[in-house]
Amino acid sequence: MKLPKNIKYAVFDLDGTLFDSMWLWKQIDYEYLSKRGIQVPSDYMKCINHMSIMDTALYSIERFNLKDSPEQLITEWLDMAKQAYLYKIKLKPFVRDFLNKLKLQNIGMSVATSLSKELALPALERTGILNFFDNVISSEQVKRGKGFPDIYLKAISHTNYNARDCVVFEDILQGVKGAKLGEFYVCGVFDEESKIDHSEMKSIANLFINSFKDLI
């Protein structure tokens, strides 16, 4: 399994793609809502996993009629997540090997994530892969979420490449759809938390991998 020869640049999602971390957000959602006597609906994670943290807060407040302000909600979420991103979150298998392979091929790389930079940057540095990337773009830096190509286009905006020369790696359906709208070459990445969407992801993405080992 190989990427097309024309690929000059790669854009990576973080949670569920480079990081084995989707379990954490599921855990945080359960803890946050259960403290307020709310059971997490089965579709909640799918509804929010492409949103920025502010959009997620606004959506949650409206859906569950919460009394917290968006800022209060975000602060609580971040406090619950900080220790995990600082000390616990691990890379998915073969991530470092694949990034090294791209670097040796002179393929540039950026990150496009719904995660706030407050969590993303320390975790990237701790896991030793921050230096692979030209920049780290958060959904907070664009107007629309990952159902649209905005974040991926911003991630390559400092280059002279067009989207068709770039690959986007994503583990969620909305990310795959958004990147395809931007005319990127899209590689879907297996993650246990999004397996319900894998069939549809495979039908939309140009390529689908179970692990980065498939591309090494």
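A short tour of the structure in this document, coming up.

Definitions and limits used
- Residues numbered from 1 in each chain as written.
- Predicted model: local features only at pLDDT ≥ 70, side-chain atom pairs only at ≥ 80, totals over all residues.
- Heavy atoms only, no water.
- Helix = DSSP H or I, 4+ residues; strand = E, 2+ residues; numbered from the N terminus.
- Rg over C-alpha atoms; globule rule 2.2 N^0.38 Å.
- Buried < 20%, exposed > 50% of the residue type's maximum accessible area, 1.4 Å probe, protein only.
- Contact = heavy atoms within 4.5 Å.
- Areas by Shrake-Rupley, 256 points an atom, 1.4 Å probe, with all protein chains shown as cover.
- 1 Å grid on protein atoms, 1.4 Å probe; cavity = no way out; pocket = protein on both sides within 12 Å on 5 of 7 lines; lining within 4 Å.
- Points joined across faces, edges and corners; volume = space filled by probe spheres on them.
- Nonpolar A, V, L, I, M, F, W, Y, C, P; charged D, E, K, R; others polar.
- Arc of directions from axis to C-beta.
- Pairing = 2+ DSSP bridges.
- Axes fitted to C-alpha atoms, helices over the stretch in contact; angles between N-to-C directions.

### Some thoughts on the overall build of the protein chain
Part 1 of the reasoning: Scanning the protein chain from N- to C-terminus turns up nine helices and eight strands.
Part 2 of the reasoning: Rg of the C-alpha trace for the protein chain: 17 Å, near the compact-globule value of 17 Å for 216 residues, within the 12% margin.
Part 3 of the reasoning: Viewed in the frame of its principal axes, the protein chain has a C-alpha envelope of about 55 × 35 × 30 Å.
Part 4 of the reasoning: Taken across its 216 residues, the protein chain has 54% of its residues classed as buried.
Part 5 of the reasoning: Look at the contacts in the protein chain between residues 6 or more apart in sequence, and 66% of them connect residues 24 or more apart.
Part 6 of the reasoning: For the protein chain, the accessible surface area stands at approximately 10600 Å², while carbon and sulfur atoms represent 50% of it.

### A look at the layout of surface pockets
Part 1 of the reasoning: Space inside the largest pocket adds up to approximately 300 Å³.
Part 2 of the reasoning: Of all the secondary structure elements, the ones that give two or more residues to the lining of the largest pocket are α1 (22–34) and α2 (44–48).
Part 3 of the reasoning: The dominant element in the lining of the largest pocket, judged by the number of residues it contributes, is α1, at three residues.
Part 4 of the reasoning: Of the residues that constitute the lining of the largest pocket, the class distribution is six nonpolar, three polar and five charged.
Part 5 of the reasoning: Roughly 170 Å³ of volume is contained in the second largest pocket.
Part 6 of the reasoning: Lining the second largest pocket we find Met 1, Lys 2, Leu 3, Pro 4, Lys 5, Ile 7, Phe 98, Lys 101, Leu 102, Gln 105, Ile 107 and Leu 215.
Part 7 of the reasoning: A class-by-class count of the residues in the lining of the second largest pocket yields eight nonpolar, one polar and three charged.

### Here's the deal with helix α5 (residues 95–104)
Part 1 of the reasoning: When we look at burial in α5, the residues that qualify are Val 95, Phe 98, Leu 99 and Leu 102. Down the axis of α5, the buried set is contained in an arc of 100°. They therefore lie on one face.
Part 2 of the reasoning: Those residues of α5 that are buried are in contact with β1 (9–12), β3 (90–91), β4 (108–113) and β6 (166–170).

### Section: the environment of Ile 196
Part 1 of the reasoning: Examined against the element boundaries, Ile 196 turns out to sit in the loop between β7 (185–189) and α9 (198–204).
Part 2 of the reasoning: Ile 196 gets classed as exposed once you look at its relative accessible area, which sits at 72%.
Part 3 of the reasoning: Remark: the alpha-carbon pair of Ile 196 and Lys 46, spanning 150 residues in sequence, is separated by 9.7 Å.

### A closer look at the sheet that holds strand β5 (residues 136–138)
Part 1 of the reasoning: Read from one edge of the open sheet, six strands run β5-β4-β1-β6-β7-β8, paired in parallel fashion. In the strand order of this sheet, the two ends are held by β5 and β8 (207–209), each with one partner. This sheet shows a mean twist of 20° between the axes of neighbouring strands, independent of strand direction.
Part 2 of the reasoning: Judged from the four bridges that link them, β1 and β4 form a sheet pairing that is parallel. Its bridge partner lying in β4, Ala 10 is registered against Met 109.
Part 3 of the reasoning: Across the sheet, α5 is in contact with β1, β4 and β6; its angle to β1 comes to roughly 155°.
Part 4 of the reasoning: In the packing of helix α8 (residues 173–181) onto the sheet, contacts are made with β6 and β7, and the angle to β7 comes to roughly 170°.

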